[in-house]
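As a plain string of letters, each chain reads:
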Amino acid sequence: MSARRALTAAAVVGLVVTVCGVRSAHRTVVDSVLVPLPHPSDGPAYRGALHVHTVRSDGRGDDAAVARAAKRANLDFVIVTDHNVPPLPPAYIDGVLLARGVELSTTVGHLLALGVTGAPFVVEREADPFRWTHANAGVAVIAHPLTPARPWTEWARVQEAAAIEILSGDSLFHEALRPPWSSLMAALLSFPFNRQTALFSLYDRPASVLQLWDKLAAQGRMLGLCSADAHGIPPYKDVFEQFVLHVAQPTSPRSGDAAADAATLVNLIAAGETFCAVEALGDAHGFRFEARSGDRFVPMGGAVDAPAALAVRLFYEDVPSDVTIVLLRDGVEMHRSKTATLDFIATQPGAYRIEIRRTAHRLYFGDRETTWIYSNPLWVR
Ligand SMILES: [Zn+2]
Ligand SMILES: [Zn+2]
């Protein structure tokens, strides 16, 4: 190649990088920021990251680095789940609760055992990861169930898990690494200029996992959780800011005793009193979903008899017009609302869950409607 051609090629590449950089530096994911209102029965938000790896397995940072990143991302807790090693005791570091679990790597897929204090021998893990988890008072969560690299394959016993991961930070990056790499290239070009927008551009509503979840939740009790599955690359803080697990109010554990608070947190997760938010689309703290049957209020994860009054509330100063509340029963859309409330009398049995959708800007081309908040189901009997 002549010097002149090389120079021209370099100039073109430089121009593309500059244009992409300038554009993404000023690109926001959504048009308007939602400001949560204080709610009478509420404490402050209680939010965190599930499924985080440290140097004790294949993560890049230690507990201190994870806690520091979580604090900067405004998280209250992190659930550290290193592969196959006995977890350290729960701890508060930098004001962040580090709760614990283990990610069991088995030949049928990866299973999180939350709240356990030991780790299984290889034979126990391979023979029956559910039995080991339950015998050790753990909560079983199927990790990244449909990720091509490490999918879950033991479907006959899936109902022994309390939950599946519906969103996974790590799976997002694995997906982006598959050809034709268009979303990856766009994200890489933008990452130095606008990390949040770049990482968000890899996210899409995970239709096939949601379909699986709806099928399982219609057959029995199955919760959905979002997971960071953070390893330190991309940086912990950037991943912690994407997929946030919110604990529904006002039951958050804040006694200051790490072991007691970690146990309460794991119990709340097992009860289903959480929801999953893609926080690039907004602060999800103003979201509420509950049921009333007679004079009894039932939170997410609970079961009520029909007819049940289901209520969604968005406690925000202002709810912009791109926000839509969608109610689904066993995965089928039943009702939608463009206001800050949705009320529905459920007369049919089923698993009812909520998605809050928003219009998000793509990095370079156009807009798309995608899901901001995924509630856990309420079961109507
Ligand atoms: Zn895994
Ligand atoms: Zn993992």
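These figures come from a predicted structure and were not determined experimentally.

1. Quick word on the overall build of the protein
Part 1: For the protein, the helix and strand inventory stands at 10 helices and 20 strands.
Part 2: Taking 381 residues into account, the globule formula puts the C-alpha radius of gyration at 21 Å, and the protein, at 21 Å, falls close to it.
Part 3: C-alpha atoms of the protein, sized along the principal axes, occupy 80 × 50 × 40 Å.
Part 4: The proportion of buried residues among the 381 residues of the protein is 45%.
Part 5: The contacts in the protein between residues at least 6 apart in sequence include a share of 66% that link residues at least 24 apart.

2. Points about unusual backbone geometry
Note on backbone geometry: most residues besides glycine have negative phi, and most peptide bonds are trans.
Part 1: Along the chain, Ile233 connects to Pro234 via a cis peptide bond; the corresponding omega equals -10°.
Part 2: Of note, Pro234 is situated in the loop between β8 (223-227) and α9 (236-240).
Part 3: The phi torsion at Asp94 lies on the positive side, around 55°, for a residue other than glycine.
Part 4: One can find Asp94 in the loop between β3 (91-93) and β4 (96-106).
Part 5: Overall, the presence of 14 C-beta atoms within 10 Å leaves Asp94 in the partly exposed class.
Part 6: Even without a glycine there, the phi angle at His144 is positive, about 25°.

3. Overview of helix α6 (residues 182-190)
Part 1: Those residues of α6 that fall on the buried side of the exposure criterion are Ala186, Ala187 and Ser190. Seen end-on, α6 carries its buried residues on one side only, within an arc spanning 95°.

4. A word on helix α8 (residues 207-219)
Spacing of three or four residues puts side chains on the same side of an α-helix, whose turn is 3.6 residues.
Part 1: Over its 13 residues, α8 runs 19 Å from end to end, which matches the ideal 18 Å to within 8%, given 1.5 Å per residue.
Part 2: Residues Val209, Leu212, Trp213, Asp214, Leu216 and Ala217 constitute the buried set of α8.
Part 3: Residues of α8 that are buried sit in contact with β7 (163-168), β8 and β18 (350-361).

5. Topic: the nonpolar core
Part 1: Ala49, Ala70, Val78, Val141, Leu225, Phe240 and Cys276 are the most contacted members of the largest nonpolar core, which totals 102 residues.
Part 2: Here this core takes six residues from β4, the largest share from any one element.
Part 3: Setting aside its immediate chain neighbours within four residues, Phe240 contacts Ala49, Ala69, Ala70, Ala73, Leu75, Ala228 and Ala230.

6. Some remarks on the sheet that holds strand β14 (residues 308-314)
Part 1: Pairing within the open sheet is antiparallel, and its four strands lie in the order β12-β11-β14-β17. Pairing within the sheet leaves two strands with one partner each, and these edge strands are β12 (296-299) and β17 (341-346). The mean angle between the axes of side-by-side strands here comes to 25°, regardless of whether they run parallel or antiparallel.
Part 2: Two elements, strand β11 (residues 287-293) and β12, share four bridges in a ladder whose sense is antiparallel. Looking at β12, one finds that Ser293 is bridged to Arg296.

7. Brief notes about the pairing of strand β15 (residues 324-329)
Part 1: Pairing of β15 with β18, which is carried by six bridges, proceeds in the antiparallel orientation. Its bridge partner being in β18, Val326 is matched across the sheet by Glu355.
Part 2: With five bridges joining them, β15 and strand β16 (residues 332-337) adopt antiparallel strand pairing. Across the sheet, Val326 pairs through a bridge with Arg336, a residue of β16.
Part 3: Linking two consecutive strands that pair antiparallel, namely β15 and β16, is a turn of two residues; a positive phi of about 50° is found at Asp330 within it.

8. Section: the environment of Arg195
Part 1: Counting through the fold element by element, Arg195 comes out in helix α7 (residues 195-200).
Part 2: With 17 C-beta atoms packed within 10 Å, Arg195 lands in the partly exposed category.

9. Here we look at the environment of His174
Part 1: Here His174 is to be found in helix α5 (residues 169-176).
Part 2: When the C-alpha positions of His174 and Thr147 are compared, they lie 8.1 Å apart, and in sequence the two are 27 residues distant.
Part 3: Sequence-distant contacts of His174, that is, excluding residues within four places in its chain, are made with Thr147 and Ala149.

10. Regarding the pairing of β4
Part 1: Extensive coverage of β4 is indicated by the burial of nine of its 11 residues.
Part 2: Pairing of strand β2 (residues 77-83) with β4 involves seven bridges; the strand directions are parallel. The residue of β4 that forms the bridge with Val80 is Arg100.
Part 3: Sheet topology places β3 next to β4; three bridges connect them, and they run antiparallel. Residue Ala91 lies in a different strand from β4, and its bridge partner there is Leu98.

Calculation rules
- Residues numbered from 1 in each chain as written.
- Chains lettered and ligands numbered in written order.
- Predicted model: local features only at pLDDT ≥ 70, side-chain atom pairs only at ≥ 80, totals over all residues.
- Helix = DSSP H or I, 4+ residues; strand = E, 2+ residues; numbered from the N terminus.
- Rg over C-alpha atoms; globule rule 2.2 N^0.38 Å.
- Buried ≥ 20, exposed ≤ 12 C-beta atoms within 10 Å, placed from the backbone.
- Contact = placed C-beta atoms within 7 Å.
- Arc of directions from axis to C-beta.
- Expected span 1.5 Å × (residues − 1).
- Core = buried A, V, L, I, M, F, W, Y, C linked by C-beta atoms within 7 Å.
- Pairing = 2+ DSSP bridges.
- Axes fitted to C-alpha atoms, helices over the stretch in contact; angles between N-to-C directions.

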